[in-house]
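# Structural overview for review
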Amino acid sequence: MTPSRRKLPPLNALRAFEVSGRRLNFRAAADELGVTQGAVAQQVRALEEHLGQALFQRLPRGLALTLQGAAYLTDVTRAFDTLRDATGRLLERPDTVTISVTPTFAAKLLIPRLTELNATLLGVELRTVATEALSDFDRDQVDIAVRLARPPFPSGLEATLLFHQELVAVASPHLVKELSLPLSTEQLGELPLLHDAHDHWPMFLRSGGTLPGAVFNQTTLALDAALAGQGVALACRAFVAGDLEAGRLVQVTNVTMIKEPSYFLVRKRSPLPLDSRDAVWDWCVARLSLSAD
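Report follows, based on the coordinates. Counting of residues starts from 1 at the beginning of each chain's written sequence and follows it residue by residue. Owing to the predicted nature of the model, reporting of local features is limited to residues with pLDDT of at least 70; listing and counting of side-chain atom pairs is limited to 80 or more, with chain, interface and lining totals taken over all residues. Where side-chain values are given, they derive from all heavy atoms of the structure, hydrogens and water being excluded.

### Details of the overall build of the protein chain
Operational definition: Counting from the N terminus, the helices are the DSSP runs of H or I reaching at least four residues and the strands are the DSSP runs of E reaching at least two. Put simply, the radius of gyration uses C-alpha atoms, and a globule should come to 2.2 Å times the residue count raised to 0.38. Burial status follows relative accessibility: with a 1.4 Å probe on protein chains alone, a residue under 20% of its type maximum counts as buried, one over 50% as exposed, and anything between as partly exposed. Only heavy atoms enter the contact rule, under which two residues are in contact if any of them lie within 4.5 Å. All accessible-area figures derive from a Shrake-Rupley calculation using a 1.4 Å probe, and residue coverage is judged against the displayed protein chains alone. By the counting rule applied here, Lys and Arg register as positive and Asp and Glu as negative, while His and the ends of each chain are not counted. Every charge is mapped onto a representative atom, which is NZ of Lys, CZ of Arg, CG of Asp or CD of Glu.
Helix and strand counts for the protein chain stand at 11 helices and 10 strands. The C-alpha radius of gyration computed for the protein chain amounts to 25 Å, which surpasses the reference 19 Å derived for 293 residues by more than 25%, pointing to a less compact arrangement than a globule. Its C-alpha atoms put the protein chain at 85 × 50 × 25 Å along the principal axes. Out of the 293 residues in the protein chain, the part that is buried amounts to 39%. In the protein chain, the proportion of contacts linking residues at least 24 apart, taken out of those at least 6 apart, comes to 71%. Roughly 16800 Å² of accessible area belongs to the protein chain as shown, and the carbon and sulfur atoms make up 53% of that amount. Where the 30 positive side-chain charges of the protein chain centre and where its 32 negative ones centre are 8 Å apart.

### So, the pattern of salt bridges
Formally: For this document, the term salt bridge refers to a Lys or Arg side-chain nitrogen within 4 Å of an Asp or Glu carboxyl oxygen.
Taken as a whole, this structure holds 19 salt bridges when the rule is applied. For Glu32, the salt bridge is made with Arg23, and the minimal N-O distance between the two is 2.9 Å. Its relative accessible area of 29% is what places Glu32 among the partly exposed residues. We note a salt bridge from Lys268 to Asp138, for which the minimum N-O separation is 3.1 Å. You can see Lys268 sitting in strand β10 (residues 257–268) and its partner Asp138 sitting in the loop between β4 (125–130) and β5 (144–149), a full 130 residues away along the chain.

### Section: the packing of aromatic side chains
This is how the line gets drawn: When two rings of Phe, Tyr or Trp (its six-membered ring) have centres within 6.5 Å they constitute a pair, described as stacked for plane angles under 30 degrees, edge-to-face for angles over 60, and tilted for the intermediate range.
Taken as a whole, this structure holds 11 aromatic pairs when the rule is applied. Where Phe163 meets Phe239, the ring centres are 6.1 Å apart and the plane angle is 90°; that geometry is what we call edge-to-face. Note that Phe163 is positioned in strand β6 (residues 157–171) and Phe239 in helix α10 (residues 237–246), a separation of 76 residues in sequence. Judged by its relative accessible area of 4%, Phe239 is buried.

### Focus: the nonpolar core
Let me state the cut-off plainly: Nonpolar core, defined: a set of buried Ala, Val, Leu, Ile, Met, Phe, Trp, Tyr and Cys residues in which side-chain atoms within 4.5 Å join the residues together.
With 36 residues, the main nonpolar core has Ile99, Phe105, Val146, Phe163, Phe239 and Val280 as its most contacted residues. Every residue in contact with Val280, bar those within four places of it in the chain, is listed here: Val97, Leu121, Val124, Leu126 and Ile144. In this structure, Leu14, Phe17, Phe56 and Leu73 belong to the second largest nonpolar core, which totals 18 residues.

### Let's talk about the environment of Thr131
Condition: What qualifies as a polar contact is a pair of N or O atoms within 3.5 Å, subject to a donor-acceptor requirement within protein and to the restriction that residues adjacent in sequence count only when both atoms come from side chains.
Position of Thr131 among the secondary structure elements: in the loop between β4 and β5. Look at Thr131 and you get partly exposed, because its relative accessible area is 24%. Distance from Thr131 to Ala28, taken between C-alpha atoms, is 23 Å for residues 103 residues apart in sequence. Those residues in contact with Thr131 that lie beyond four places of it in its chain are Ser100, Val101, Thr102 and Pro103. A polar contact is formed between the side chain of Thr131 and the backbone nitrogen of Ala133, at a distance of 3.0 Å.

### Thoughts on the pairing of β5
Look at any regular strand and the pattern is simple: side chains alternate between the two faces of the sheet. Operational definition: One requirement defines pairing of two strands: DSSP has to find at least two bridges between them.
Within β5, 5 of the 6 residues are buried, which leaves the element mostly enclosed by the surrounding structure. For strand β3 (residues 96–101) and β5, the ladder comprises 2 bridges, and the chain directions are parallel. Bridging from a neighbouring strand, Ser100 pairs with Ala145 of β5. Pairing of β5 with β10, which is carried by 5 bridges, proceeds in the antiparallel orientation.

### Remarks on the pairing of β6
Looking at chain direction, β6 and β10 are connected through 9 bridges and run antiparallel. Within β10, the position partnered with Thr160 by the bridge is Leu265. Relative to strand β8 (residues 232–236), β6 runs antiparallel, the two being bridged by 4 bridges. Paired with Val168 across the bridge in β8 is Ala235.

### Notes on the packing of helix α1 (residues 11–23) against helix α4 (residues 67–91)
Spelled out, the test is: The angle between two axes is taken between their N-to-C directions and runs from 0 to 180 degrees, where each axis is a line fitted to C-alpha atoms and a helix contributes only its stretch in contact. The scheme is simple: roughly parallel for angles under 35 degrees, roughly antiparallel for over 145, roughly perpendicular for 65 to 115, oblique for anything else. The handedness criterion is simple: a crossing whose near helix is rotated anticlockwise from the far helix by less than a right angle is left-handed, and one whose near helix is rotated clockwise is right-handed. Gly falls in the polar group here, along with every residue not listed as nonpolar (Ala, Val, Leu, Ile, Met, Phe, Trp, Tyr, Cys, Pro) or charged (Asp, Glu, Lys, Arg).
Between α1 and α4, the least distance of the axes is 10 Å, while the angle of their chain directions is 115°. Relative to α4, α1 is oriented roughly perpendicular. The two elements α1 and α4 cross, and the hand of that crossing is left-handed. Here Leu11, Leu14, Arg15, Phe17, Glu18, Gly21 and Arg22 of α1 come into contact with α4, specifically with Gly69, Tyr72, Leu73, Val76, Thr77 and Phe80. In terms of residue class, the contact of α1 with α4 is built from 7 nonpolar, 3 polar and 3 charged.

### Remarks on unusual backbone geometry
The linkage connecting Leu181 with the following residue, Pro182, adopts the cis geometry, with an omega of 0°. Cis geometry is adopted by the peptide bond preceding Pro261, which originates at Glu260 and carries an omega value of 5°. As for its position among the elements, Pro261 is in strand β10. Phi at Gln141 takes a positive value of approximately 55°, unusual for a residue other than glycine. For Gln141, a relative accessible area of 58% gives the class exposed. At Asp199, a position not held by glycine, the phi torsion is positive, near 45°. Structurally, Asp199 can be placed in the loop between β7 (193–194) and α8 (201–204). Here Asp199 falls in the partly exposed class, since its relative accessible area comes to 34%.

Shown next, in the form of structure tokens:
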């Protein structure tokens, strides 16, 4: 005889419990679910009443799982993962792979190589999400991400180093055509400096004050301004390697700086082979590292 599913707790209560168990905080869970903190607490309380046992210890700051709650969370999380994967397989085109990268990474490394990727991986459609925000693999349905990160990584993630951030100062050859390269730090400081949101110039020039110059919210915009001869930009070598090789930019000083964190290729570990995603992953490892080409 098949057990009645009417004994199962409400799905909303299970969802509130699962998110609260991960966050160990009703407020953080409410933010993730887009509801009020009181609604989450009420759903969890209703689930505890339904089960007849406490799942959390309420602490002055946050929550702690009881032994029963921790064991139940493991099973509930596994069940939600199964539902997510089943829904994804139903809705997702099997040969579509989604990769999340920063706008600068997309513009300088990925987009110039898309023709090659399409020729190499026939039948695979790459969906690119260019954002500065940290993508969530489950919520955003991202298969692969390029992240600025430091190891170690959670056990559920697989990560491969693409390159370290080696910052170099670059400019259009037209801007510095009257100058003898490489420039000294003092000479560099006299040129118009182009700032991005990271603003590594004070550290690069060992200057304690604010340095004047145009400010852009993305590195790729600062590099576009440098290409237009408007000043000197500071960027990761990987992002300007193509422009340096083609002579569109020149490195104006021998001074460089390694800045953590580094760029890693990251994905969730999967017990099953995923041919299209594995193919894109292998291509990224081979073609998007600094030593590629």
